[in-house]
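# An overview of the molecular structure
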Amino acid sequence: MVVKTFTDTGQDSEEEKERYLQLAFHLASDFLLKHPDKDVRLLVACGLADIFRIYRPDARYTSPEKLKDIFMFITQQLTGLEDTKSVQFNQYFYLLENIAWAKSYNICFELEDSNEIFTQLYKTLFQVINNSHKQKVQIHMVEVMRSIICDGDTVSQELLDTVLVNLVPGRKKLHKQPYELAKALLKRTAQAIEPCITNFFTRVLMLGEPSVSHLSEHVLDLILELYSIDSRLIFPVLPQLELKLKSCDSDQRLQVVKLLTKMFGAKESELATQNKSLWQFFLGRFNDIHVPVRLECVEFASLCLINHPDLAKDLTDHLRGRSHDPEEAIRHNVIVSIVTAAKKDLALVNDHLLSFVRERTLDKKWRVRKEAMMGLAQIYRKYALQGEAGREAVERISWIKNKLLHIYYQKSMEDRVLVEQIFAQYMVPHSLETTEKMKCLYYLYAALDVNAVRALNEMWKCQSVLRRHVKDLLDLLDKPKSETCSKAVFFKVMVITRNLPALGRTKDFVKKLAQLLEEDVKIRKQLETVVSPCCSRQQAEGCVRDISKALEHPAQYSSPFAEMVTFLLGRIAPVHIDAESISALIKQVNGSIHGTANDEDEGVSTEQAVRGGLQLLKVLSFTHSVSFHSAETFESLLDCMKMGDEKVAEAALQIFRNTGGGIEESFPHLKQALLPLLQQKAMTGLPRQAKLAVHCIHTIFSNRDAQFAQIFEPLHQALDAGSPEQLITPLITLGHLAMLDPGQFSSSLRSLVANFVIKELLMNDRIPGKKAAKLRPAHDELSPLTLAKIQGIKLMVRWLLGMKNDQSEWANSILKVLMAVMKGGGDLTGVGRLRKLDMSRLRLAAGCGVLKLAQEPCYQEIVTREQYRLCALLINDECVQVRQAFTQKLHSALRRLRLPLQYMAIFALCAKDPVREHQAHARQCFLRNVHVRRQYLRQHAPLSVTFPNLSLPNHVCPSCV
């Protein structure tokens, strides 16, 4: 009755207020305040709350002790709010609503124990709030606490702690509702509570008084939380953070930097623009002497780039220095930060930031290089292959494909294997459907620069060579055991080891693999399928999957061993190229040739696409020749040979040369159509086509002698009546016939060499039907007569190479002719009258001819010292093109171990070369040859006696180099 009466009584009822005054005093008696029944206590609390509402602003209770008892009593009753399912919850809510509306607790401001009362109230409210409460409950709680903060003179540290403790990260996760209540309260009281918060942080941060609060150890976490709630709460504290950034204590700087990274990096943070001074102080920590501080700054970069791209310019200047940081972890994290932002949106990173990643692909540490390479690969796949940002983004990152492939030139096997993995997963993903995959490879190859193309070609070559080594190992394991076989297996294991990343015990692992293959027939059969030339992509993927699964058994094989086998399978498995892929690729090339492909939409011109596609097919015909063996593929190549485009026809001839073995047996219907075309090209085609046609006939047809005989006589007759232009193709074809079939044509060509090439072509220039004086080539072009003389020199050399041991006298005679050419003519009057440009090319042809002959053991002893000296001096020729071409020819022959060791001495003459780049190139060639020969000796130690000129000293003098 009392509660209902007070509930219905308004504040303006003066008569009732006077009538119930004594009742109000009685309601506050100790008997009722300490009543054992909780329902009675709840009703008393509700009545007292109404009394404070009715009699406000006067408390009517004049005793401070009584007021304290009353408010502590009301606070205690508020604990009933915790159980929302209680029958009395509505009365508890009425109590909360009443004191919130009436601001009842403001009466306590005058009490000495007010802080104790307020603190207990705050603790109670934070304790009872839970997720079952409706929004109104939190609103009234906030209002109760807000009035105490906003209407009072100050907020004690103890009361402030009851609010801030709910923001501590550990407590925040466990007690979400108290955190939300504290957050709402701070937002409502930001202006009033800010001086108290500032005072707290000042005492802890600047005055060093951690005892001021038990929350002192969480001060930085509190700053972050307060900033996220309302930035006004900590603005006065920011200058203190600037000073902390300059602290001598590295741990203290680190803690402040961690705080600021979260504040600056927050998505809607405007701190960097609002407080530029603090931002500049923070950027200075990118150069901090303490490694963890720099590391923290670098890790912050990705968050900042993603959330605040307008700050990219400021970050770029500082990330440039950190990308060259002496600490590996920092350089690594610079890459991670930039790549993370780029994968989010390419527009977030500028070209300078991408260039930092590009530079780190050549970092001295493998971990950094790997991260940079993988990062660029992921960016390339997302924006170039998947096209997620349009044509402009594709053009921005067009350099990535070239850069990644350039890394294949590095000596580290880890780099090369990673490039192969990147190519298979990111540049031309092997998971694509065959037609789409070949389209991707086709346009990628066409868009690559020269060095990247060479790297890609080398990659396929290395994989093909390793595949052959593994096949040889399997063949050796099938043979009966013997000492010779065991030694051969050991050599093959060593070769395979050098083609795998150094995993610590790679050699032991490859030995273990050889033993496993010998014991496990199933795995051996699967690996044989993988290295088989006829293996399809689906077969390879299935075998690789089965082998990997078999090695997963932890009791048998260690993880490093399984990793090594995975690397090996990744290098040898034909995941890109098989017969189906070649067929799809040829269709793609034909589409560009016939103008039905949309080459321009793929970013390359039609001419560029055709040129790249033909080159790609030629390379693959070397490394995956069996994949071309299908009727459809050969018929398409036959159509290409019939086309008027000479480049297309030449490419088709080259592919037939590389892949034609077995056509006569497997595809007899192609023989009749192919042979006339080859004979025509051999007799009347362009020089390069004639050479390829002869080799195609030699490769494809079993009755090659009869086929060669059909073209020999017409070519021989063409020399008698041909002009200089018409002589070139017959001379080329005859030279290759002499080399490929010396038994049939060596005697027939003897008189041709003596009477026509030497006497007519080189000595007297007597060419029937034409006079040399009438030939007027351009200043920078060779005359047709000079080209004919060059081919005549090559014919003589090829004739000798075909005969080999049969004609040592003729070899001496032809070497004398070559020496005369290198001297400038002598008795060869037809040579002495040539222009300077023409003469230089003849000297080069003669010198290269000597190198060719010196590569044959039967002719090495015939070359005299004078002839060797004249040949060597070509590396100092007055014509720079001659010097460059001769150096490359010499290096190529030495690298293949075809020339004796003394020919390496010729590189020493390059010290006199006026072009420094040529000197450097010669030095690299020399060192490369030293490395190749030493590698060969290590691999074939028992065979070194067969090559007496192969050994090298253990040390090469740097001054000699």
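Owing to the predicted nature of the structure, the values given are computational and were not obtained by experimental measurement. (Residues numbered from 1 in each chain as written. Predicted model: local features only at pLDDT ≥ 70, side-chain atom pairs only at ≥ 80, totals over all residues. Heavy atoms only, no water.)

## Side note on the overall build of the chain
A count of helical and extended segments in the chain gives 51 helices and 0 strands. For the chain, whose C-alpha radius of gyration is 45 Å, the value lies well above the compact-globule estimate of 30 Å for 961 residues. Dimensions of the chain along its principal axes, counting C-alpha atoms only, are 150 × 60 × 55 Å. Of all 961 residues assigned to the chain, the portion counted as buried reaches 52%. Pairs at least 24 apart in sequence give 71% of the contacts found in the chain among residues at least 6 apart. (Helix = DSSP H or I, 4+ residues; strand = E, 2+ residues; numbered from the N terminus. Rg over C-alpha atoms; globule rule 2.2 N^0.38 Å. Buried < 20%, exposed > 50% of the residue type's maximum accessible area, 1.4 Å probe, protein only. Contact = heavy atoms within 4.5 Å.)

## A word on the confidence of the model for the chain
Taken over all residues, the pLDDT of the chain has a mean of 84, while the share at 70 or more is 92%. Under a pLDDT of 50 for its full length, residues 942-948 has, in the predicted model, 3 contacts with residues more than four places off or in other chains. (pLDDT = per-residue confidence, 0-100.)

## Considering the environment of Glu158
Turning to its location among the elements, Glu158 is positioned in helix α10 (residues 157-164). For Glu158, a relative accessible area of 42% corresponds to the partly exposed category. For the pair Glu158 and His214, spaced 56 residues apart in sequence, the C-alpha to C-alpha distance is 9.5 Å.

## Comments concerning the state of the cysteines
A covalent bond bridging the sulfur atoms of two cysteines is what the word disulfide describes. For the structure on display, the rule yields 0 disulfides. As a non-bridged cysteine, Cys304 has Cys297 as the owner of its nearest cysteine sulfur, 11 Å distant. No disulfide involves Cys543; its nearest neighbouring cysteine sulfur is the one of Cys535, lying 6.0 Å away. (Disulfide = S-S within 2.5 Å.)

## Details of the nonpolar core
The nonpolar side chains of a soluble globular protein tend to be buried, and buried together. Core analysis: the biggest nonpolar cluster contains 279 residues, and Leu48, Phe201, Phe282 and Leu818 have the highest contact counts within it. With 11 residues, the top contributor of residues to this core is helix α44 (residues 784-803). Residue contacts for Phe282: discarding those within four places in its chain leaves Leu245, Val257, Leu260, Thr261, Phe264, Cys297 and Phe300. Val493, Ile523, Ala540 and Leu569 belong to the second-largest nonpolar core, a separate cluster that totals 38 residues. (Core = buried A, V, L, I, M, F, W, Y, C linked by side-chain atoms within 4.5 Å.)

## Examining the packing of helix α37 (residues 646-659) against helix α39 (residues 671-684)
Two elements in contact, α37 and α39, have axes whose closest approach is 12 Å; the angle formed by their N-to-C orientations is 115°. Remark: the crossing between α37 and α39 carries left-handed chirality. Taking contact as the criterion, the partners of Glu646, Ala649, Leu653 and Phe656 in α37 are, on α39, Leu674, Leu678 and Lys681. Looking at the contact of α37 with α39 residue by residue, the classes come out as 5 nonpolar, no polar and 2 charged. (Axes fitted to C-alpha atoms, helices over the stretch in contact; angles between N-to-C directions. Left-handed = near helix turned anticlockwise from the far one by under 90°. Nonpolar A, V, L, I, M, F, W, Y, C, P; charged D, E, K, R; others polar.)

## Thoughts on the packing of aromatic side chains
The tally for this structure, following the rule as stated, stands at 17 aromatic pairs. When the centroid spacing of 6.2 Å and the interplanar angle of 80° are considered together, the rings of Phe282 and Phe286 count as edge-to-face. In this structure, Phe282 and Phe286 share a single accessibility class: buried. Centre to centre, the rings of Phe634 and Phe656 are 5.7 Å apart; their planes meet at 15°, and the pair counts as stacked. One end of the pair, Phe634, is in helix α36 (residues 631-641); the other, Phe656, is in helix α37, and 22 residues separate them in sequence. Look at Phe634 and you get buried, because its relative accessible area is 0%. Each residue in the set Phe264, Trp279, Phe282, Phe286 and Phe300 is aromatic and connected to the rest through ring pairs, giving one cluster. (Phe/Tyr/Trp six-rings, centres within 6.5 Å; stacked < 30°, edge-to-face > 60°.)

## What to know about the packing of helix α34 (residues 579-593) against helix α35 (residues 606-623)
The description of two helices packed together rests on the angle between their axes and the distance between the axes. Between α34 and α35, the shortest axis-to-axis distance is 9 Å and the interhelical angle comes to 150°. Considering the angle they form, α34 stands roughly antiparallel to α35. By crossing handedness, the relation of α34 to α35 is classed as left-handed. Two secondary-structure elements touch here, α34 through Ile582, Leu585, Ile586, Val589, Ser592 and Ile593 and α35 through Thr606, Ala609, Val610, Gly613, Leu614, Leu616, Leu617 and Leu620. (Parallel < 35°, antiparallel > 145°, perpendicular 65-115°, else oblique.)

## A look at the pattern of salt bridges
Counting across every chain of the model gives 35 salt bridges. In this structure, the salt-bridge partner of Arg146 is Glu143, at a minimum N-O distance of 3.0 Å. Remark: Glu143 and Arg146 occur in helix α9 (residues 135-151); sequence separation between them is 3 residues, near one turn of the helix. With a relative accessible area of 14%, Arg146 lands in the buried category. Look at Glu143 and you get buried, because its relative accessible area is 19%. One salt bridge connects Arg367 with Glu328, and the closest N-O pair in it is separated by 3.9 Å. Separated by 39 residues along the polypeptide, Arg367 in helix α23 (residues 366-385) and Glu328 in helix α21 (residues 328-344) bring together distant segments of the chain. Take Arg367: its relative accessible area is 40%, and that puts it in the partly exposed class. Residue Glu328 is classed as partly exposed on the basis of its relative accessible area, which comes to 25%. (Salt bridge = Lys/Arg side-chain N within 4 Å of Asp/Glu carboxyl O.)

## Let's talk about the environment of Gln588
Mapped onto the secondary structure, Gln588 falls in helix α34. Residue Gln588 is classed as buried on the basis of its relative accessible area of 16%. Among all residues touching Gln588, those that are not within four sequence positions of it are Lys439, Tyr442, Tyr443 and Ala597. Polar contacts involving the side chain of Gln588 include one to the side chain of Tyr443, which spans 3.5 Å. (Polar contact = N/O pair within 3.5 Å; in protein donor to acceptor, adjacent residues only side chain to side chain.)

## Considering the environment of Thr484
Inspection of the secondary structure puts Thr484 in helix α29 (residues 483-498). Separated by 186 residues in the primary sequence, Thr484 and Leu670 have C-alpha atoms spaced 44 Å apart.

## As for the side chain of Glu242
Here Glu242 shows up in helix α15 (residues 238-245). For the buried Glu242, which has no salt bridge, the nearest side chain bearing the opposite charge is Lys246, at an N-O separation of 6.5 Å. Excluding residues within four positions of it along the chain, Glu242 makes contact with Asn275, Ser277, Leu278 and Phe281. (Lys, Arg positive; Asp, Glu negative; His and termini not counted.)

## Focus on helix α6 (residues 64-77)
The end-to-end C-alpha separation of α6 is 20 Å, in line with the 20 Å expected for 14 residues at 1.5 Å each. Turning to α6, its buried residues are Leu67, Ile70, Phe71, Phe73, Ile74, Thr75 and Gln77. Tucked inside the fold, the buried residues of α6 contact α4 (30-33), α5 (38-54), α7 (89-102) and α8 (114-128). (Expected span 1.5 Å × (residues − 1).)

## Brief notes about the side chain of His736
Relative to the helices and strands, His736 resides in helix α42 (residues 724-740). For His736, a relative accessible area of 2% corresponds to the buried category. Of the polar contacts made by the side chain of His736, one reaches the side chain of Arg798; its length is 3.4 Å. If sequence neighbours within four positions are ignored, His736 has contacts with Lys691, Val694, His695 and Arg798.

## A closer look at a nonpolar patch on the surface
Taken together, Met206, Leu207 and Leu243 make up a surface patch of nonpolar side chains, about 280 Å² in accessible area. Within the secondary structure, Met206 is located in helix α13 (residues 190-206). The exposure class assigned to Met206 is partly exposed, which follows from its relative accessible area of 37%. (Patch = residues over 30% accessible without salt bridge, like charges linked within 9 Å, V, L, I, M, F, W, Y side chains within 5 Å. Areas by Shrake-Rupley, 256 points an atom, 1.4 Å probe, with all protein chains shown as cover.)

## Concerning unusual backbone geometry
Trans is the common state for peptide bonds, and a negative phi is the common state for residues other than glycine. Residue Lys103 is not a glycine yet carries a positive backbone phi of 50°. By secondary structure assignment, the location of Lys103 is in the loop between α7 and α8. Classification of Lys103 by relative accessible area gives partly exposed; the value is 29%. Phi angles above zero are rare outside glycine, and Leu897 is one such case at about 60°. Within the secondary structure layout, Leu897 lies in the loop between α50 (880-895) and α51 (916-939).

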